[in-house]
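Single-letter residue listing:
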Amino acid sequence: NSQDTLYLYGGEFSDNPVTPPVPYSMWSYDIASSTWNQAQNPQTSAGDDSDGGGQPVQNAAEGAGLTVASLGRGYYFGGHLDVHTTAGWSISIARVYLTSLLEFTFPGHSNPSVSNNNQAAGPSGLYRNITQGGLQDTASFPERADGVLVYIPGFGADGIILGLAGGNNDTFTQMNIIDVFDIANSTWYKQATSGPTPPIRVNPCAVAQSAPDGSSIQVYMYGGQNLVPAGNQIQYDDIWILTLPSFTWIQVNTADQSVPPARAGHTCNSWNAQMVVIGGYVGTQLECDTPGIYVFNLSSLTWQNTYAVLEGANSLNQQK
């Protein structure tokens, strides 16, 4: 989202009833006018570590999405392509998992990493498919879907993005080493962590908040599920904190609290030092998750029954 417009990207076409995929169109929803708009057949732009530009934007599914409102950009990391996402894909061709990072510059914003003389993006925005940034050129950079991206301001010229969790049919991303994307340099790095390492998982959610004095930033990761062994998936109800700049993992002790049912595929958003959790898959043991919306206090590290509307300075890096 660009705060006045919502942008729809990715996802699978219906398999029941069967709906054949069509070439990707960019759908946007103007909040003020309550109207949808369609930009057909967008192409990528040339730029730093890009695919060279001039390529059709493909429709991926189960990647990790992120908005960085302060830069006027959105990102989509990894995911997969198959017969349910891509027009003309043969049913005899296996699913392909991605390592790319698709960047979308919102209309009206400029991006020095795109080769357009730093002109502001037009009404259809600008796409840059980042495919060659540092570790992406090596076999040590795994293909993945069902991960999560977290934006961390204050590191480098434009901040950094952390890629957490996810995996493919065969391997799952370990979290003792974190993939770090330097936005200004369009380059991926790896950063080792300390402390106990969270178990492998897909489809968690995560938010980042800074200490009031800006001395550290905490990434709160909640839930997700373990797909190993196949056919016996387990959802998690745990909360982990990755504290920066030390990159130390800390598990939150919620043993004495009433916690929501374990879940995966949910979303998290934070405001006023509270994390709001919405939705998610809670397994076959619950027909319906009620109420389906939960609030976790990031300061007291407790689940609470209500959301507290607070006043005061925005000292915790929340988006306005």
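In case you missed it, the structure is sitting above this.
Described in the following lines is the structure provided in the data block. Computed from a predicted model, the values in this text were never measured in an experiment.

Its place among the elements puts Ser25 in strand β2 (residues 25-30). In this structure Ser25 comes out as buried when scored by relative accessible area, which is 12%. Within polar-contact distance, the side chain of Ser25 engages the side chain of Gln38 at 3.0 Å. In contact with Ser25, not counting residues within four places along its chain, are Gln38, Ala39, Gln40, Asn41 and Pro42.

On to the pattern of salt bridges. Side-chain pairing between opposite charges can occur once the charged atoms of the two side chains come close. Evaluation of the coordinates by the stated rule reveals eight salt bridges. Asp238 is paired through a salt bridge with Arg201; the nearest N and O atoms lie 2.8 Å apart. With Asp238 in the loop between β17 (234-235) and β18 (239-244) and Arg201 in the loop between β13 (187-192) and β14 (205-210), the pair connects residues that are 37 residues apart, well separated along the chain. Both residues of the pair, Asp238 and Arg201, count as buried.

To describe a pair of aromatic rings, you give the distance between the ring centres and the angle between the ring planes. For the structure shown, the criterion picks out 14 aromatic pairs. Ring centres of Phe104 and Phe106 lie 5.8 Å apart, and the angle between their planes is 70°; this geometry places the pair in the edge-to-face category. Given the relative accessible area of 3%, Phe106 is considered buried. Aromatic pair Trp240 and Trp249: ring centres 6.3 Å apart, planes at 90°, arrangement edge-to-face.

On to the sheet that holds strand β19 (residues 248-251). Read from one edge to the other, the open sheet built from four strands follows the order β14-β15-β18-β19, with strand pairing classed as antiparallel. Taken across any chain shown, the strands that pair with only one partner, and hence form the sheet edges, are β14 and β19. Recorded for the sheet is a direction-independent mean angle of 25° between the axes of neighbouring strands.

To continue, consider the pairing of strand β22 (residues 293-297). Counting buried positions along β22 gives four out of five residues, so the element sits mostly inside the fold. As judged from the five bridges shared by strand β21 (residues 274-278) and β22, these two strands associate in the antiparallel manner. Following the sheet pairing, Val277 is matched in β22 by Tyr294. When β22 meets strand β23 (residues 302-304), the two strands line up antiparallel, connected through three bridges. Paired with Phe296 across the two strands is Trp303, which belongs to β23.

So, how was this worked out
Residues numbered from 1 in each chain as written. Predicted model: local features only at pLDDT ≥ 70, side-chain atom pairs only at ≥ 80, totals over all residues. Heavy atoms only, no water. Helix = DSSP H or I, 4+ residues; strand = E, 2+ residues; numbered from the N terminus. Buried < 20%, exposed > 50% of the residue type's maximum accessible area, 1.4 Å probe, protein only. Polar contact = N/O pair within 3.5 Å; in protein donor to acceptor, adjacent residues only side chain to side chain. Contact = heavy atoms within 4.5 Å. Salt bridge = Lys/Arg side-chain N within 4 Å of Asp/Glu carboxyl O. Phe/Tyr/Trp six-rings, centres within 6.5 Å; stacked < 30°, edge-to-face > 60°. Pairing = 2+ DSSP bridges. Axes fitted to C-alpha atoms, helices over the stretch in contact; angles between N-to-C directions.

Just distances and angles here, no functional claims.
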